[in-house]
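Here is how the chains run, residue by residue.
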Amino acid sequence: MIVFEAVSFTYPGAARPAIADLTLTIASASLLAVVGANGSGKSTLARLADGLLVPDSGRVMVDGIDTADEQRCWDVRSRVGLVLQNPDNQIVGTVVEEDVAFGPENLGVPREELRSRVSDALAVVGLTGLERREPHLLSEGQKQRLAIAGALAMRPEYLVLDEPTAMLDQRGRTDVLGVLDGLKLAGRGVVHITQDTGEAARADLVLALDAGSVAYLGHPAGLLGDASLMAELGLEAPPIQVIADELRRSGFTVPEVSTAEELVEALWR
Amino acid sequence: MALVAKDLGYTYSTGAPYESRALTGVDLRLEKGELCLVVGSTGSGKSTLLRLMSGLLEPGVGSVRVDDAESVVRGSVGIVFQNPETQFFAETVSADVAFGPKNLGFSDVDTAVSDAMLAVGLEPVEFGERSPFTLSGGEARRAAIAGVLAMRPAYLLLDEPTAGLDRRGREVVVRALLEARLKAGVLLVTHDPGVFLAHADRVLVLAAGQPVFYGNVTDLLEDDGAPFDVAGLVLPDVVRAQVLARSRGARIARFAFDATDAARTLAGALGGPS
Ligand SMILES: Nc1ncnc2c1ncn2[C@@H]1O[C@H](COP(=O)(O)OP(=O)(O)OP(=O)(O)O)[C@@H](O)[C@H]1O
Ligand SMILES: Nc1ncnc2c1ncn2[C@@H]1O[C@H](COP(=O)(O)OP(=O)(O)OP(=O)(O)O)[C@@H](O)[C@H]1O
Ligand SMILES: [Mg+2]
Ligand SMILES: [Mg+2]
């Protein structure tokens, strides 16, 4: 488990805390979505989860290890994989395969296994064939996939992904969502930060942040079904849900649907 | 007067083992007052096209002309990069946004800066003195857009301007771009064409660096958006719902692009609650 205990964090010189008195448990074998307006603290929460930032007050415990304990910094980093919002900030290798190998190599993974981990991770994100390419010569979507591959290759207990689908096309998004589901089924704790409430709806739990504080923590349906809370938090309902709600308001009977296929199937049978 | 690409092509690292042909045979014409969308899957050449159109890259094949001039004229074409952080250099957001208008000799730099920041929903008082490098992802994208809006270029090129923006951020940026279009030509790359389809004059669909469609939105959707399929793309949910309904016999003459309007269109096709 990753446990946030009454965590607050203020950036040096900032007028207000980026995270304020946040208490949260991130469990294994679960998918937690994090949503919230720009500047609400999502990326800060991600950086606190793997010890990149440490709380000003309160504490973050990763499987019982305090992230503020400098001696255990590597124990924390090896347990918590982080995919940053800007993949450029994560590139370490001079070519793609070295970049992906960097994390597991540092964990002491033996050569043979290293090779298979790298090729597996690249295959999962669809970058096979680009092994020898310099990372800065990739398109932005390719860089985003590379950052995901790097985190996957570490096979961490927990994976925190900061808007991993923002630069991807729809097929790429669907692929990544499938990868996240797979990680959860394999027992990992997954945190998925997103602006897309349709993506958040697929999670076990959703956390909505508002100015660094918890505005909602619970089942996705409880948030997505609360139009006034959604509006208050600057969140947009998924378009298919909007269409279904509008049709219900006009007197049509529409079951719960989340895709265009389901909606049309329900209306034109 | 227009920004015009003729038979545009580009190959990265020519001669190197990792030579990659990023763009081939693109013809495009952007007049002032027009909005053109560019869509395509990951690595299909969209950013390469914007770099060429802005004069950041020299065409390998073909040409780019601005208002009939031989090369891109300084200040006439503004570009917002896909990764906004690569765009910043000044110590504060307001200095960063002011750089362009100052350099172009504007007499109303302060107004240009605060107008541009307000247009993207960044309060000058709150964000003006911040370092652009400490902004959150969405704040950074808005600041980068403000920097280019402040220059009031005749042609505005934007790479994923709404990615990572929250609801209000998307609304204000869309509004700001539509307002800029009153005077400028806007060329916009996006994985989320949804909101823009209602306003676009033309759409270019790229697949592996090649144009597979270039025309207006009506033609794009005529054959159930076939060019999207060819390019490995998926239509936005709002449009796809209507395409699917039509394939099941629903009578839909015109597609709606907004979810609320789409509900009305579908309700009309259903002919009232049963
Ligand atoms: N290094 C920093 N110094 C000062 N303030 C910062 C710094 N980094 C972030 N902030 C501020 O802290 C707040 C939270 O930022 P954070 O990056 O966590 O937001 P976010 O929810 O990820 O936003 P976005 O959706 O835009 O990515 C924002 O108001 C941001 O401007
Ligand atoms: N500097 C470079 N050197 C070599 N190849 C490059 C370079 N920049 C981009 N490429 C390659 O050219 C192709 C087109 O890249 P481009 O960045 O234009 O794609 P894109 O359509 O913008 O993709 P995305 O949606 O991921 O941003 C990709 O295969 C990419 O790997
Ligand atoms: Mg963020
Ligand atoms: Mg790109």
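Residues numbered from 1 in each chain as written. Chains lettered and ligands numbered in written order. Predicted model: local features only at pLDDT ≥ 70, side-chain atom pairs only at ≥ 80, totals over all residues. Heavy atoms only, no water.

Caption draft 1: Representation of the overall build of chain B. Looking only at helices and strands, chain B has 11 helices and 9 strands in total. Here the C-alpha radius of gyration of chain B, 20 Å, is about what a compact globule of 274 residues would show, namely 19 Å. Seen along its three principal axes, the alpha-carbon backbone of chain B occupies a region of about 60 × 50 × 35 Å. A burial count over chain B gives 55% of its 274 residues as buried. (Helix = DSSP H or I, 4+ residues; strand = E, 2+ residues; numbered from the N terminus. Rg over C-alpha atoms; globule rule 2.2 N^0.38 Å. Buried < 20%, exposed > 50% of the residue type's maximum accessible area, 1.4 Å probe, protein only.)

Caption draft 2: Here's a closer look at the coordination of the magnesium ion (ligand 4). In this structure, Ser47(B) (OG) and Gln82(B) (OE1) serve as the protein donors to the magnesium ion (ligand 4), at separations of 2.0 to 2.1 Å. Taken as a pair, Ser47(B) in helix H1 (residues 46-53) and Gln82(B) in the loop between strand E5 (77-80) and helix H2 (93-103) lie far apart in primary sequence, 35 residues in all. (Donors = N, O, S within 2.8 Å, 3.2 Å for Na, K, Ca; no water.)

Caption draft 3: The arrangement of the nonpolar core in detail. In terms of nonpolar packing, the biggest core is built from 76 residues, with Ile243(A), Leu247(A), Leu263(A) and Val203(B) touching the most fellow members. Broken down by element, the residue count for this core peaks at 7 residues, all from helix H5 (residues 137-149) of chain B. In contact with Leu247(A), not counting residues within four places along its chain, are Phe252(A), Val254(A), Leu263(A), Leu267(A), Ala263(B) and Ala267(B). Listed in part, the 42 residues of the second largest apolar core include Ala33(A), Ala151(A), Ala203(A) and Val206(A). (Core = buried A, V, L, I, M, F, W, Y, C linked by side-chain atoms within 4.5 Å. Contact = heavy atoms within 4.5 Å.)

Caption draft 4: Quick peek at the site of ligand 1. Looking at ligand 1, there are 21 residues lining it, with Lys42(A), Thr44(A), Ser136(B), Gly138(B) and Glu139(B) nearest. At the site occupied by ligand 1, the surrounding residues belong to chains A and B. The separation between an oxygen atom of ligand 1 and a polar side-chain atom of Asn38(A) is 3.0 Å. The separation between an oxygen atom of ligand 1 and a polar side-chain atom of Glu139(B) is 2.6 Å. Elements with a contribution of two residues or more to the shell around ligand 1: helix H1 (42-49) of chain A together with H5 of chain B. In terms of residues, the shell around ligand 1 owes the most to one element, H1(A), which gives 4 residues. Counted by class, the shell around ligand 1 contains 3 nonpolar, 12 polar and 6 charged residues. (Near = heavy atom within 4 Å. Polar contact = N/O pair within 3.5 Å; in protein donor to acceptor, adjacent residues only side chain to side chain. Nonpolar A, V, L, I, M, F, W, Y, C, P; charged D, E, K, R; others polar.)

Caption draft 5: Seen up close, the coordination of the magnesium ion (ligand 3). All names here are of chain A. Protein-derived ligands of the magnesium ion (ligand 3) are Ser43 (OG) and Gln85 (OE1), with the metal-ligand distances lying across 2.0 to 2.2 Å. Note that serine 43 is positioned in helix H1 and glutamine 85 in the loop between strand E6 (80-83) and helix H3 (96-106), a separation of 42 residues in sequence. Look at serine 43 and you get buried, because its relative accessible area is 15%. Judged by its relative accessible area of 24%, glutamine 85 is partly exposed.

Caption draft 6: Quick look at the site of ligand 2. Within the structure, ligand 2 sits among 20 residues, and Arg133(A), Ser139(A), Gln142(A), Lys46(B) and Thr48(B) are positioned closest to it. With respect to ligand 2, the chains having nearby residues are chains A and B. Between Leu137(A) and ligand 2, the recorded distance is 3.4 Å, taken from a backbone N or O atom to a nitrogen atom. One nitrogen or oxygen atom from the side chain of Thr48(B) is found 2.5 Å from an oxygen atom belonging to ligand 2. Bound to the protein, ligand 2 loses 92% of the 640 Å² it would expose on its own. (Areas by Shrake-Rupley, 256 points an atom, 1.4 Å probe, with all protein chains shown as cover.)

Caption draft 7: Expanded view of the environment of Pro238(A). Residue and element names in this part refer to chain A. Within the element layout of this structure, proline 238 appears in the loop between helix H9 (227-232) and helix H10 (239-249). As a C-alpha pair, proline 238 and threonine 259 span 21 residues in sequence and 9.5 Å in three-dimensional space. Not counting chain neighbours up to four residues away, the residues in contact with proline 238 comprise Thr197, Gly198 and Leu224.

Caption draft 8: Molecular detail of a nonpolar patch on the surface. All names here are of chain A. Taken together, the side chains of Leu205, Val214 and Leu217 present a nonpolar region at the surface, about 220 Å² in accessible area. Here leucine 217 lies in strand E10 (residues 213-218). Take leucine 217: its relative accessible area is 42%, and that puts it in the partly exposed class. (Patch = residues over 30% accessible without salt bridge, like charges linked within 9 Å, V, L, I, M, F, W, Y side chains within 5 Å. Salt bridge = Lys/Arg side-chain N within 4 Å of Asp/Glu carboxyl O.)

Caption draft 9: Molecular detail of the interface of chain A and chain B. Each partner contributes to the interface: chain A provides 44 residues, whereas chain B provides 45 residues. Among the residues chain A hides against chain B, the three largest losses belong to Asn38(A), Met167(A) and Trp268(A). Together they make up 19% of the total. Taken together, the connections running from chain A to chain B amount to 4 salt bridges. In this structure, Glu265(A) and Arg248(B) form a salt bridge, with 2.7 Å as the shortest nitrogen-oxygen distance. (Buried area = accessible area lost by both parts, 1.4 Å probe.)

Caption draft 10: Structural detail: the environment of Leu30(B). Residues and elements named next belong to chain B. Secondary-structure assignment places leucine 30 in strand E2 (residues 20-31). Separated by 86 residues in sequence, leucine 30 and alanine 116 have C-alpha atoms that sit 23 Å apart. The contacts of leucine 30, once residues within four sequence positions are left out, are Ala2, Leu3, Cys36, Tyr155, Gly185, Val186 and Leu187.

Caption draft 11: Seen up close, the packing of H10(A) against helix H10 (residues 237-247) of chain B. Where H10(A) meets H10(B), the closest approach of the two axes is 8 Å, and the angle between their N-to-C directions is 55°. Judged by the inter-axis angle, H10(A) sits oblique to H10(B). Handedness of the crossing formed by H10(A) with H10(B): right-handed. Here Pro239(A), Ile240(A) and Ile243(A) of H10(A) lie close against H10(B), whose contacting residues are Asp237(B), Val238(B) and Ala241(B). (Axes fitted to C-alpha atoms, helices over the stretch in contact; angles between N-to-C directions. Parallel < 35°, antiparallel > 145°, perpendicular 65-115°, else oblique. Left-handed = near helix turned anticlockwise from the far one by under 90°.)

Caption draft 12: The arrangement of the sheet that holds strand E9 (residues 210-215) of chain B in detail. All names here are of chain B. If you trace the 6 strands from one edge of the open sheet to the other, you get E5-E6-E7-E3-E8-E9, paired in mixed fashion. On the outer flanks of this sheet lie E5 and E9, each paired with one strand and no other. Between one strand and the next, the sheet's axes are offset by a mean angle of 15°, whatever the strand orientation. Pairing of strand E3 (residues 35-40) with strand E7 (residues 185-189), which is carried by 4 bridges, proceeds in the parallel orientation. Across the sheet, leucine 37 pairs through a bridge with leucine 188, a residue of E7. Sitting on the sheet, H5 is in contact with E5 and strand E6 (155-159), with an inclination near 175° to E5. (Pairing = 2+ DSSP bridges.)

Caption draft 13: Highlighting the packing of aromatic side chains. All names here are of chain B. This structure, assessed with the given rule, holds 4 aromatic pairs over all chains. Note on tyrosine 10 and tyrosine 12: the rings are 5.0 Å apart at their centroids and 75° apart in plane angle, and the pair reads as edge-to-face. Since its relative accessible area comes to 16%, tyrosine 10 is described here as buried. Taking relative accessible area as the criterion, tyrosine 12 reaches 22% and is therefore assigned partly exposed. Between phenylalanine 89 and phenylalanine 99, the ring centres sit 4.7 Å apart and the planes meet at 80°, which makes this aromatic pair edge-to-face. In this pair, phenylalanine 89 sits in the loop between E5 and H2 while phenylalanine 99 sits in helix H2, placing the two residues 10 residues apart along the sequence. Phenylalanine 99 gets classed as partly exposed once you look at its relative accessible area, which sits at 43%. (Phe/Tyr/Trp six-rings, centres within 6.5 Å; stacked < 30°, edge-to-face > 60°.)

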